[in-house]
Amino acid sequence: MVDAVIWFFLCLWRPVGVFADETNEIQSVSVMEGDSVTLNPDLTDIMDEDLILWRFGTKNTLIAQISVLTDRITVYDDVLDGRFRERLKLDHQTGSLTITNITTEHAGDYQLQTSSVRKSFSLNVYARLPVPVISSNSSQCSSSSSNCSLVCSVLNVSHVTLSWYKGNSLLSSISVSDLNISLSLPLEVEYQDKNTYSCVLNNPISNQTRHLDITQLCHTCAVSLIVLISAGSLLFVAAVVGIFCICRKHMKIDQEDQTRDEEITYADPTFYKRNTKKSNVKEENDVVYAGVAIRR
């Protein structure tokens, strides 16, 4: 009877222990899309625990469990439209949960439950960042203004900040938390500015940077005119050279025709008198020499 009473009070004492070990602190974890993450509850002693449960989302959907007594691990792949299929790994010694090949669908709240411990994790998943693009915001060069208008832009981003830096000093920035939105941030610099400028896109765990090359994007009208004159000069020289080559080719053809005409050999014909026999044909007194042209 006494043993039964002692066992009853021990059972009552255990829930008190559960309440003492339970914590409402939420541990925030950030990861890049496509990577893996391990949620480690840091359980110091799970030998006495009979069941470890992992739940996800606002509805506390059971996604995995570890039965310590039977040393059995169960993963519920079919829940939540199968978003965790072949992505969950459990460690029965530490109770940790590993999620592989993460997508934005896996972002949210995770909760570990045992008979004595409850721990919560908030998982933030960030998409991989594109490199920002810097372009000139001026449709034509300016002869009156000494400033060059530029714009840095990115497409389809979320939970990011886009910033302009002059060296290491922040000039301006814009942030967004919406999904799949485009951002642009303007900047004006002097044409002859020798400082270093860069446009940076970042989220809490990564960043992408594009450095500004003023000489390529910013041109004054004087510089543009020089470029046009140089291009026109090159075209004129090319046209003159082309005409010269054509004329030279025609001259060469005419010379070859003339050379062929001059290659003519003239031969003088020789006429012999007939024998002393008389002939009824009257000899002509006048002899005409005709030039015979022989072509090679």
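The shown structure was predicted, so the numbers you read here are calculated from the model rather than taken from an experiment. (Residues numbered from 1 in each chain as written. Predicted model: local features only at pLDDT ≥ 70, side-chain atom pairs only at ≥ 80, totals over all residues. Heavy atoms only, no water.)

Draft legend 1. Spotlight on the overall build of the chain. The number of helices and strands found in the chain is 3 helices and 18 strands. Evaluated residue by residue, the chain yields a buried proportion of 27% over its 296 residues. Summed over all atoms, the accessible surface of the chain reaches about 21400 Å², with 53% contributed by carbon and sulfur. (Helix = DSSP H or I, 4+ residues; strand = E, 2+ residues; numbered from the N terminus. Buried < 20%, exposed > 50% of the residue type's maximum accessible area, 1.4 Å probe, protein only. Areas by Shrake-Rupley, 256 points an atom, 1.4 Å probe, with all protein chains shown as cover.)

Draft legend 2. The arrangement of the side chain of Arg-87 in detail. Take Arg-87: it is sitting in the loop between β5 (72-75) and β6 (88-90). Comment: no salt bridge for buried Arg-87; closest opposite-charge side chain is Glu-105, at 6.4 Å. Dropping the residues within four chain positions of it, Arg-87 is found in contact with Thr-98, Ile-99, Thr-100, Asn-101, Thr-103 and His-106. (Lys, Arg positive; Asp, Glu negative; His and termini not counted. Salt bridge = Lys/Arg side-chain N within 4 Å of Asp/Glu carboxyl O. Contact = heavy atoms within 4.5 Å.)

Draft legend 3. Looking closely at the sheet that holds strand β15 (residues 197-203). Pairing in this open sheet of 4 strands is antiparallel, and the strands run β13-β12-β15-β16 from one edge to the other. Strands at the two margins of the open sheet, each flanked by one partner only, are β13 (169-176) and β16 (206-211). On average, adjacent strands in this sheet sit at an angle of 20 degrees to one another, irrespective of strand direction. By the bridge criterion, 6 bridges tie β15 to β16 in an arrangement that is antiparallel. Its bridge partner being in β16, Val-200 is matched across the sheet by Thr-209. (Pairing = 2+ DSSP bridges. Axes fitted to C-alpha atoms, helices over the stretch in contact; angles between N-to-C directions.)

Draft legend 4. Expanded view of the pairing of strand β3 (residues 52-56). Counting buried residues along β3, 4 of its 5 residues qualify, which places the element largely inside the surrounding structure. Pairing of β3 with strand β4 (residues 61-67), which is carried by 5 bridges, proceeds in the antiparallel orientation. Looking at the pairing, Ile-52 lines up with Ile-66 of β4. Linking β3 back to β4 in an antiparallel pair, the connection comprises 4 residues, with Gly-57 at a positive phi of about 85 degrees. Relative to strand β8 (residues 108-113), β3 runs antiparallel, the two sharing 4 bridges. Counterpart to Leu-53 in the pairing with β8 is Gln-113.

Draft legend 5. Structural detail: the state of the cysteines. What the rule picks out here adds up to 2 disulfides. Put simply, Cys-148 and Cys-218 are joined by a disulfide, and their sulfur atoms are 2.1 Å apart. In this structure, the disulfide formed by Cys-148 and Cys-218 twists by about -80 degrees around the S-S bond and is classed as left-handed. Pair noted here: Cys-148 is in strand β11 (residues 147-157) and Cys-218 is in the loop between α2 (214-217) and α3 (221-262), with a separation of 70 residues, a long-range link. The pair formed by Cys-148 and Cys-218 is uniform in burial state, with each residue classed as buried. Across the disulfide from Cys-152 sits Cys-199; the S-S distance is 1.9 Å. Between Cys-152 and Cys-199 the sulfur-sulfur dihedral comes to about -90 degrees; the bridge is accordingly left-handed. Here the residue Cys-152 occupies a position in strand β11, and Cys-199 occupies one in strand β15, the gap between them amounting to 47 residues. Cys-199 sits in the buried class, given a relative accessible area of 0%. (Disulfide = S-S within 2.5 Å.)

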